[in-house]
Amino acid sequence: ANALIARQSFVGLVTVDESNRPRIRTVRAFRLKNPATARERFTVFILTRPSTRKVDQIAKNPLVTLYFNENQRAAYATIMGRATVHRDPKDPRLQPFLDSATVHFFWPAFPRDFVMLEVTPDWLEFIGPGVWNDPNTWRPQAVVFE
């Protein structure tokens, strides 16, 4: 799962809208370079703009899912977790993602319009070569983060 997630920087982010419908969009996933724990290894950061629907949807319901897919290997991973909306660019954990080109692209009025999402995993599922789903229930292998 870790290798697949490392290879797939564009992923599906699922949120829930105001009508309780799931909404999915492609986002770019970033991870910490030197995670201290397994949970941090699978924590994902998403750069976005404050005007996007996902920011409002997460404010109302922070439960989200990330979907990483690799067709050529018949593999996928899903991270189900909680999203946090960060608005303080001085947070030291966010600094690795704030190079000048990225800041200019995402936040033209930086730091006033800064917003970044952090998805902390509760549950990870994976299917891929050598790690298949249960043949009776089709349930994927899973890790629960505590």
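To start, this report covers the structure provided alongside it. What you are looking at is a predicted structure, and each value in this text was computed from that prediction instead of being measured.

### Digging into the nonpolar core
Within soluble globular proteins, side chains that are nonpolar generally end up buried alongside one another.
Next, step 1: Counting 22 residues, the largest nonpolar core has Ile 5, Val 44, Ile 46, Leu 66, Phe 68, Ile 79 and Val 119 as the members making the most contacts within it.
Next, step 2: In this structure Ile 5 touches Arg 31, Phe 42, Phe 68, Ala 77, Ile 79 and Leu 124, once residues within four positions along its chain are discounted.
Next, step 3: Residues Phe 45, Val 55, Leu 94 and Phe 97 belong to the second largest nonpolar core, which totals 13 residues.

### A look at the pairing of strand β6 (residues 116-127)
Next, step 1: Of all 12 residues that make up β6, 9 are buried, and the element is covered over most of its length.
Next, step 2: Summarising the sheet, strand β3 (residues 44-47) and β6 pair through 4 bridges and their orientation is antiparallel. Residue Phe 45 lies in a different strand from β6, and its bridge partner there is Glu 118.
Next, step 3: Across 4 bridges, β6 lies against strand β7 (residues 141-144) in antiparallel orientation.

### A short note on the pattern of salt bridges
Next, step 1: Taken as a whole and judged by the stated rule, the model has 6 salt bridges.
Next, step 2: Two residues, Arg 39 and Asp 122, come together in a salt bridge whose shortest N-O distance is 3.7 Å. Here Arg 39, found in helix α2 (residues 38-41), pairs with Asp 122, found in strand β6; they are 83 residues apart in sequence, far enough to count as distant.
Next, step 3: What makes Arg 39 partly exposed here is its relative accessible area of 26%.

### Regarding the layout of surface pockets
Next, step 1: Of the pockets and cavities examined, the largest pocket occupies roughly 180 Å³.
Next, step 2: Lining the largest pocket are Phe 30, Arg 31, Leu 32, Lys 33, Leu 47, Pro 96, Phe 97, Asp 99 and Thr 102.
Next, step 3: Taken together, the residues of the lining of the largest pocket break down into 5 nonpolar, 1 polar and 3 charged.

### Topic: the pairing of strand β5 (residues 75-86)
Next, step 1: The pairing of strand β4 (residues 63-70) with β5 spans 8 bridges and is antiparallel. Note that in β5 the partner of Val 64 across the bridge is Gly 81.
Next, step 2: The antiparallel pairing of β4 with β5 creates a hairpin that spans 4 residues between the two strands, and Ala 74 there sits at a positive phi of about 50 degrees.
Next, step 3: Across 11 bridges, β5 lies against β6 in antiparallel orientation. Across the sheet, Arg 82 pairs through a bridge with Thr 120, a residue of β6.

Criteria and cut-off values
- Residues numbered from 1 in each chain as written.
- Predicted model: local features only at pLDDT ≥ 70, side-chain atom pairs only at ≥ 80, totals over all residues.
- Heavy atoms only, no water.
- Core = buried A, V, L, I, M, F, W, Y, C linked by side-chain atoms within 4.5 Å.
- Buried < 20%, exposed > 50% of the residue type's maximum accessible area, 1.4 Å probe, protein only.
- Contact = heavy atoms within 4.5 Å.
- Helix = DSSP H or I, 4+ residues; strand = E, 2+ residues; numbered from the N terminus.
- Pairing = 2+ DSSP bridges.
- Salt bridge = Lys/Arg side-chain N within 4 Å of Asp/Glu carboxyl O.
- 1 Å grid on protein atoms, 1.4 Å probe; cavity = no way out; pocket = protein on both sides within 12 Å on 5 of 7 lines; lining within 4 Å.
- Points joined across faces, edges and corners; volume = space filled by probe spheres on them.
- Nonpolar A, V, L, I, M, F, W, Y, C, P; charged D, E, K, R; others polar.

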